Amino acid sequence: MKNSSKRLMKGLLAVMLICSSFWLPVETKAADGTTQTVTKIQAEDAQLSLPSGSDMSSAFVFEQEPASDEGGHIKTSVLGASVTLEFEGTGIRFYTKKGNGAGQLSVSVDGEEPQTVDEYIDSTTAQFKVKVYEDLELSADNEAHTIVLTTLDGDRTNFNFDYFEVIADQEE
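If you're wondering where the values come from, they're calculated on a predicted model, not measured in any experiment.

Enquirer: I tried to follow the environment of leucine 138 on my own but got confused; where do I start?
Expert: One can find leucine 138 in the loop between strand S10 (127-135) and strand S11 (143-151). When neighbours within four sequence positions are excluded, leucine 138 is seen to be in contact with Phe87, Thr90, Gly91, Ile92, Val109 and His145.

Shown next, in the form of structure tokens:
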């Protein structure tokens, strides 16, 4: 009985350690040697310009997809729909699903001139967790920033939003 209890406790501890990595920021070393934290934030946890629902033509829809981060992502076909994230840090990354029906997004940080990113790929096989935007030099120190992703008119009008990574210098 003692051995089975020990194995059970070891197994439970291993599961807790594995799961904790999904919720806690991850420490990394920047190129200059400073310690940074990378915090993952799901797109559905950001500010959405549309309600959640079941109709892509009028809402953000959660699509269960095992290959997406945490088993799903949000999507819409509404032109002008936006996902806004306010965060504190020095950099940001955005990851999404790319597919042959996916369109383009404008990305604006802190009200600056927007950049266009494309979620389209010429393939019948979708790609998941693809980094389509990165800016690691938003500020020298941790500061408040806002990133806005907005759907654009074009040949394809399906838009996917998976997750963000916020990069922040670790406080001393």
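There is more to say, and it comes next.
Enquirer: How should the sheet that holds S11 be read in this particular structure?
Expert: Pairing between the strands of a sheet comes from backbone hydrogen bonds, and it takes one of two forms, parallel or antiparallel. Strand order in the open sheet made by the 5 strands is S3-S6-S11-S8-S9, with antiparallel pairing throughout. Of all the strands in the sheet, just strand S3 (47-48) and strand S9 (115-118) have a single pairing partner and so form its edges.

Enquirer: Quick question: what am I supposed to make of the packing of aromatic side chains here?
Expert: How two aromatic rings sit relative to each other is set out by the distance from centre to centre and by the angle between their planes. In this structure the tally under the stated criterion is 4 aromatic pairs. When the centroid spacing of 5.7 Å and the interplanar angle of 75° are considered together, the rings of phenylalanine 60 and phenylalanine 161 count as edge-to-face. One end of the pair, phenylalanine 60, is in the loop between S3 and strand S4 (61-64); the other, phenylalanine 161, is in strand S12 (residues 159-161), and 101 residues separate them in sequence. Across the pair, exposure class does not vary: phenylalanine 60 and phenylalanine 161 are buried alike. Residues tyrosine 95 and tyrosine 163 carry aromatic rings whose centres are separated by 4.6 Å and whose planes lie at 5° to one another, so their mutual orientation is stacked. Remark: tyrosine 163 occurs in strand S13 (residues 163-169) and tyrosine 95 occurs in strand S7 (residues 91-98); sequence separation between them is 68 residues. A relative accessible area of 5% places tyrosine 163 in the buried class. What links up through ring pairs into an aromatic cluster is the set Phe60, Phe94, Phe161 and Phe164. The ring of tyrosine 163 has lysine 40 lying over it, and the distance from NZ or CZ to the ring centre is 4.9 Å. Above the face of the tyrosine 120 ring, arginine 156 is positioned so that its terminal group lies 3.7 Å from the ring centre.

Enquirer: Whenever I open this one, unusual backbone geometry confuses me. Can you help?
Expert: For residues besides glycine, phi is generally negative; the peptide bonds are generally trans as well. The phi torsion at glutamate 70 lies on the positive side, around 55°, for a residue other than glycine. Position of glutamate 70 among the secondary structure elements: in the loop between S4 and strand S5 (72-76). Relative accessible area serves as the criterion here: at 53%, glutamate 70 is assigned to the exposed category. Notably, aspartate 110 is not glycine yet its phi reads approximately 55°, a positive angle.

Enquirer: What should I look at first to understand the nonpolar core in this one?
Expert: Soluble, globular proteins show a tendency: their nonpolar side chains are buried together. The biggest cluster of nonpolar side chains holds 25 residues, and the ones touching the most others in it are Leu85, Ile92, Phe94, Tyr133, Ile147, Phe161 and Phe164. Among the secondary structure elements, those contributing two or more residues to this core are strand S6 (82-89), S7, strand S8 (104-109), S10, S11, S12 and S13. In this structure, phenylalanine 164 is in contact with Thr39, Lys40, Ile41, Ala43, Ala46, Val83, Leu85, Ile92, Arg93, Phe94, Ile147 and Leu149, ignoring residues within four places of it in sequence.

Enquirer: How should a negative patch on the surface be read in this particular structure?
Expert: Together, Glu88, Asp110, Glu112, Glu113, Asp141 and Glu143 line one region of the surface with negative charge. Topologically, aspartate 110 is positioned in the loop between S8 and S9. For aspartate 110, a relative accessible area of 39% puts it in the partly exposed group.

Definitions and cut-offs
Residues numbered from 1 in each chain as written. Predicted model: local features only at pLDDT ≥ 70, side-chain atom pairs only at ≥ 80, totals over all residues. Heavy atoms only, no water. Helix = DSSP H or I, 4+ residues; strand = E, 2+ residues; numbered from the N terminus. Contact = heavy atoms within 4.5 Å. Pairing = 2+ DSSP bridges. Phe/Tyr/Trp six-rings, centres within 6.5 Å; stacked < 30°, edge-to-face > 60°. Buried < 20%, exposed > 50% of the residue type's maximum accessible area, 1.4 Å probe, protein only. Lys NZ or Arg CZ within 6 Å of the ring centre and 35° of its normal. Core = buried A, V, L, I, M, F, W, Y, C linked by side-chain atoms within 4.5 Å. Patch = residues over 30% accessible without salt bridge, like charges linked within 9 Å, V, L, I, M, F, W, Y side chains within 5 Å. Areas by Shrake-Rupley, 256 points an atom, 1.4 Å probe, with all protein chains shown as cover. Salt bridge = Lys/Arg side-chain N within 4 Å of Asp/Glu carboxyl O. Lys, Arg positive; Asp, Glu negative; His and termini not counted. Charge placed at Lys NZ, Arg CZ, Asp CG, Glu CD.

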